[in-house]
Structures are given as structure tokens and as C-alpha cells.
Amino acid sequence: MMDFTALKECLDDILKTCNTPSVDCIVYQDHTLLFRYFAGLSDIENNRNIDGNELYLIFSMTKMLTCTAALQLFEQGKYAMEDELSAYIPAFKRMKITRDALNTENAARITTGASMGESVTVKEDGYAENPIRIVDLFTMRAGLDYDLFDEGIRAALADGRHSTVQVAEAMANKTLGFEPGTRFRYSLCHDVLGALVEIWSGESLGDYMQNHIFRPLGMQNTRFGVPTDEESLSRMAARYSYENGVPVRQSVECVYNITDEYQSGGAGLCSCTADYALFLDALACGGVGKSGARILNEQTVRLMQTNHLSGQALEDFHELRAGYGYGLGVRTHMDANVSGSLSPVGEFGWDGAAGAFSMVDTANRLSLTYFQHSHSWSVEMQGKMRNALYSCLK
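Caption draft 1: Region of the structure containing the packing of helix α2 (residues 62-75) against helix α11 (residues 298-305). α11 packs onto α2 with a crossing angle of 130° between their chain directions and a minimal axis gap of 11 Å. When the axis of α2 is compared with that of α11, the two are oblique. For the crossing formed where α2 meets α11, the hand is right-handed. Contacts from Met64, Cys67, Thr68, Leu71, Phe74 and Glu75 of α2 reach α11 at Thr300, Leu303 and Met304.

Here it is as C-alpha cells:
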């Protein structure tokens with residue numbers, strides 16, 4: 001019989017040593033709930049205990065769902081990975097580029113929530129020779145940045161172009177940091193991919209996910225933006241950042257959904273632990289959910305979890321996650337000697353700016369979903385949680 005004491009103690013330690021107000025964790029194996037634990041305060045100022053029913057802004061945990069939606073359309077033959085982005089969004093046909101040295105340091109700040117984006121000033125140096133391909137969007141190799149309010153986007157908003165596709169079109173005014181396909185840079189790639197989901201499907205990104213992922217899997221509490229109804233708002237966990245190690249309350253808003261019409265495929269969703277766990281369980285079980293619905297073919301899940309980086313791009317990613325590569329929108333385990341992880345090669349997932357963490361292990365049909373609502377967390381925290389889980393499965 002499995003003993004999850006080590007994982008519970010790890011979560012309790014996160015509460016104590018990381019000043020995280022609350023933790024919520026679910027482990028599934030082969031559609032069976034093995035472990036659920038939540039503790040702490042969902043609202044410090046009002047001394048409200050977490051009850052496991054909280055809603056969270058999941059930030060970059062949105063990316064796995066956007067990539068899943070895009071991969072569903074890939075299975076339908078809507079596009080090929082090597083297709084040029086400009087075939088679907090012509091504004092990306094001729095991209096400006098800079099030869100300035102690429103700064104990759106801010107990527108870690110964005111993933112851990114220490115920064116909500118970046119402000120980029122570069123010297124333009126002509127035009128890129130390589131086209132941006134669809135696979136470059138999946139793998140963050142397009143050369144884009146994470147500046148949400150550059151001159152091109154501001155101009156589009158001022159001109160009344162507020163929709164997901166229109167804002168993505170405005171991103172074509174960016175100056176690329178490198179030749180597409182040559183390096184890794186955490187960026188707005190998956191926001192552009194979300195716009196492509198709308199173009200390929202004819203549905204809004206939110207409607208597409210609702211019809212083809214959320215409803216089939218039974219994810220009843222996942223949506224873009226902050227909910228507006230009173231009952232759902234009352235379930236929103238308070239959100240915190242840290243100043244000198246002390247949690248400071250932040251407004252419950254998602255800066256990535258930059259207009260009421262814009263749905264950020266990179267960071268715009270609101271969800272709960274139970275919902276997201278159903279999604280990860282489906283991926284762990286070869287694309288089939290607990291409900292019996294298939295959201296991806298098994299071979300597509302394998303494609304998703306396969307490392308697609310090489311050369312300098314892989315070296316760039318190793319600065320973020322040692323021992324891991326990057327698949328189609330997910331980190332993927334490559335070398336336990338470097339990562340220090342007890343998980344098998346091929347374990348994959350991603351995380352969110354407010355501390356959410358996902359882990360999928362198809363070899364063991366195992367998944368872990370972790371939510372908190374506080375920024376400026378550390379990658380080491382995730383590694384300890386992952387290893388504590390595997391120590392429980394002996």
C-alpha cells in the first residue's frame with residue numbers, strides 16, 4: 001500500500017519555509033485519485049482556511065491547454081508543423097531582426113512570477129532570413145519576446161483592434177531577437193498559437209477549449225479571465241507576491257488578457273486544482289480522460305513530450321531547467337544525472353507564475369497537479385515535490 005507521508009510533509013514544508021499561504025495537491029494514477037491534500041489560508045487578511053474548492057489564475061499552465069488544442073487540430077490535418085506562420089497570419093511574412101546579444105535571463109523571472117513580462121529595447125538590423133514555422137511557436141524558437149505592451153500592440157489597441165487574432169497580428173511588428181528556429185526564448189509564442197487555434201477552428205479560443213477539452217473531460221470550472229458571477233468570485237483564492245519574504249496581497253486580475261476580447265493562449269486561464277488534475281490525468285493515460293473522452297491520440301502525446309530542441313536552443317533551455325529539454329509546449333525529462341529527478345525520462349509538464357506546477361508521467365500513467373496563488377517561487381520547490389511523490393510509490 002502506498003504511503004504519501006513524504007509528499008504531505010513536503011507540502012507542509014513549503015507552507016513553513018516558503019511563506020506560501022496555502023497549498024493544494026492532487027495525484028492521479030490511471031484515472032484513480034491516489035492523493036489529495038490542501039492546507040493553509042486562501043485569504044490571509046480574512047483568516048480564511050483553504051477548502052480545496054478555490055479558483056486560481058493559472059498563468060502559464062494555460063500553455064499546455066493551448067498546445068493541446070493546437071495538437072487536436074494538427075491531428076485533423078489543419079496544418080503541418082513545418083508550415084510558415086505567414087501562411088495563416090500574413091503580417092508575419094517579413095520580420096525585423098536585431099543582431100544585439102540575446103538576453104535570456106528574464107525568462108526565469110517570468111516563469112516564477114517575479115516579473116509579469118519584459119520591456120525590450122533593441123537595435124533593428126534588417127530582416128530575418130528564416131521564416132517562423134508553426135513548430136517554432138510550439139517550441140519557443142520564433143525569436144519573439146514577452147513584451148505585452150510594445151509600440152505595435154499599443155497601436156493596435158488604440159486603433160480598436162482588441163480580439164485575440166488582431167492582437168496576435170500586431171505582434172508581427174516585434175523585432176525578433178534571433179533567427180527563427182535557432183534559439184529558445186520564453187515568449188508570446190503560445191499567444192500567437194492561440195490565435196491560430198481560432199483561425200484553424202473558426203471558434204474563439206475559449207469556446208474551442210470548452211467544446212473540445214473542458215466539457216469532454218468534465219472541467220466545469222475553467223475559463224478565460226476572472227469570473228464575474230458572485231459565487232465564483234467568492235471562490236477566488238487571494239493572490240500574493242513577496243516583498244522581503246513577506247506575502248503582499250495583489251489584485252485578482254490577469255494582466256495577460258490585455259483586453260476584454262483578448263484570450264491569452266499563454267497565460268489567460270482561471271481554473272481549480274480538481275479541474276486541471278482531470279486534464280493531466282488524460283495526458284498521463286495516453287490522451288484519454290477519466291470520463292472516457294479522448295482528447296489526443298497516444299502518438300500525439302508522445303510527440304508533445306519528445307524534446308524538440310538541439311544545439312544552442314537546448315543550451316538556452318538548460319538555463320531554465322537543467323536535465324530537461326522542451327517538447328511541444330512542455331519541459332520534458334532527459335537526464336536524471338543532471339536534473340536530480342527521480343522521475344523517468346519523458347516525464348513532462350509546465351508551471352505558472354503564481355506557483356502552479358504540473359507533472360505527467362505516461363510510463364506510470366501518473367500525474368501530479370499543484371496549485372498555490374503566490375508569486376516568486378523557486379524551481380527547487382518543484383523538484384522536492386516531484387521526488388517526494390516518487391519516494392511514496394516505492
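Caption draft 2: Molecular detail of the sheet that holds strand β7 (residues 175-176). An order of β6-β5-β7 is seen for the three strands of this open sheet, with the pairing classed as mixed. The open sheet has two edge strands, β6 (124-127) and β7, and neither has a second partner. Note: strand β5 (residues 96-98) against β7, two bridges, orientation parallel. Pairing of Lys96 across the sheet is with Thr175, part of β7.

Caption draft 3: Local environment of the sheet that holds strand β8 (residues 223-224). Spatial strand order, β4-β11-β8: three strands in an open sheet with antiparallel pairing. Edge positions in the sheet fall to β4 (56-57) and β8, since each has one partner strand and no second. Relative to strand β11 (residues 269-271), β8 runs antiparallel, the two sharing two bridges. When the sheet's bridge partners are listed, Arg223 is paired in β11 with Cys270.

Caption draft 4: Inspection of the pattern of salt bridges at higher detail. Going through the model one piece at a time under the given rule, you end up with 19 salt bridges. With its nearest N and O atoms 2.8 Å apart, the salt bridge here joins Asp136 to Arg133. In this structure, Arg161 and Asp159 form a salt bridge, with 3.3 Å as the shortest nitrogen-oxygen distance. Residues joined in a network through salt bridges with shared partners are Glu82, Arg133, Asp136 and Arg141.

Basis of the calculations
Residues numbered from 1 in each chain as written. Predicted model: local features only at pLDDT ≥ 70, side-chain atom pairs only at ≥ 80, totals over all residues. Heavy atoms only, no water. Axes fitted to C-alpha atoms, helices over the stretch in contact; angles between N-to-C directions. Helix = DSSP H or I, 4+ residues; strand = E, 2+ residues; numbered from the N terminus. Parallel < 35°, antiparallel > 145°, perpendicular 65-115°, else oblique. Left-handed = near helix turned anticlockwise from the far one by under 90°. Contact = heavy atoms within 4.5 Å. Pairing = 2+ DSSP bridges. Salt bridge = Lys/Arg side-chain N within 4 Å of Asp/Glu carboxyl O.

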